[in-house]
Each structure stands twice: as structure tokens, then as C-alpha cells.
Amino acid sequence: MPTPDSDPTYHCVDPDALSPTPDYPCDRRSVSDDAGLGVLAAAVYTIDPGEQLPRTYHYHEQREELFSVREGTLTVETPEGEDELSAGELFVAHPGSPHRPYNPESAEEPVEVLGVGAPASDIAHPYDPDA
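Residues numbered from 1 in each chain as written. Predicted model: local features only at pLDDT ≥ 70, side-chain atom pairs only at ≥ 80, totals over all residues. Heavy atoms only, no water.

Please explain a negative patch on the surface as it appears in this structure.
Together, Glu80, Glu82, Asp83 and Glu84 line one region of the surface with negative charge. Glutamate 84 sits in the exposed class, given a relative accessible area of 63%. (Patch = residues over 30% accessible without salt bridge, like charges linked within 9 Å, V, L, I, M, F, W, Y side chains within 5 Å. Areas by Shrake-Rupley, 256 points an atom, 1.4 Å probe, with all protein chains shown as cover. Salt bridge = Lys/Arg side-chain N within 4 Å of Asp/Glu carboxyl O. Lys, Arg positive; Asp, Glu negative; His and termini not counted. Charge placed at Lys NZ, Arg CZ, Asp CG, Glu CD. Buried < 20%, exposed > 50% of the residue type's maximum accessible area, 1.4 Å probe, protein only.)

Here you go:
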């Protein structure tokens, strides 16, 4: 059974104070980098109309992912269709499950999302729904 660490570490993180990830298709700010997380990938995203959260429609071999919509409406494309999630709702993708979270061009407002996944390093494999 685990015992309390004699030198515990905690972080209070202000997402607005985090640096944006360069060359990303939306505003992504890594909580993992700021907090020094090694096993869990965590980031906050602001997705403007017409932007998508990932770099590509994709799946992971090992990573489990969870997206929590904080504000706005997130659209998630899967091979089964599209789902719209409102603030307070969650989307979960298991390993091997293609998905593409995005904010449609027709949206009237940005979407704010907290995304978490484990393991932290698991390459995203592109998925082509027309293949």
C-alpha cells in the first residue's frame, strides 16, 4: 500500500498563465509541462470557430483520452458520426478509437476544453475516414 511522500509535490495552475504550444491548430496550453507530469498528458484548449483540437483525425495505440468541455459546444467526429458536447459533458476515446474534436466554422463562440490522456507519450496515428 502506498504511503504519503515525505516531500509531497502539488501545483496550482492558472491555465491563462501557461505558454501556448507553438504550431498547434488551436490555442493549446500544456498543464503537464508546467506541473512536470510524466505519466499523464493534460492540456487546456481554446478552439475558435473553424479550428480543431488535434493536428489530425487520429487514434492512439495505447492512450486513453478524456475531453471535458468547460465552455461552449465541442463537436467530435468519429467513424460512427458526430456528437455535440455542451459545457459539463465529457468525451472518452479508448485506444484504437479514431476521433477528431473540433469547433465548426458555423459556431458562434470558442470552445474551452480540458484534455487528459495516459500514457503521456503515445504517437497519434492519422485516420482517413475515406480509406
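Text resumes after the structure shown.
Where do I start with the sheet that holds strand β5 (residues 73-78) in this structure?
The strands that make up a sheet are held in pairs by hydrogen bonds between backbone atoms, and each pair lies either parallel or antiparallel. Reading across from one edge, β6-β5-β8 is the order of the three strands in this open sheet, with antiparallel pairing throughout. At either margin of the open sheet sits one strand with a lone partner, and together these are β6 (81-86) and β8 (100-102). Direction aside, neighbouring strands of the sheet carry axes that sit 25° apart on average. Strand direction decides the pairing type here: β5 and β8, joined by three bridges, are antiparallel. Paired with glutamate 77 across the strands is arginine 100, a residue of β8. (Pairing = 2+ DSSP bridges. Helix = DSSP H or I, 4+ residues; strand = E, 2+ residues; numbered from the N terminus. Axes fitted to C-alpha atoms, helices over the stretch in contact; angles between N-to-C directions.)

Could you clarify how one ought to interpret the environment of threonine 46 in this entry?
Within the secondary structure, threonine 46 is located in strand β2 (residues 41-47). The spatial distance from the C-alpha of threonine 46 to the C-alpha of proline 110 is 6.4 Å, given a sequence separation of 64 residues. In this structure threonine 46 touches Cys26, Asp27, Glu51, Pro110, Val111 and Glu112, once residues within four positions along its chain are discounted. (Contact = heavy atoms within 4.5 Å.)

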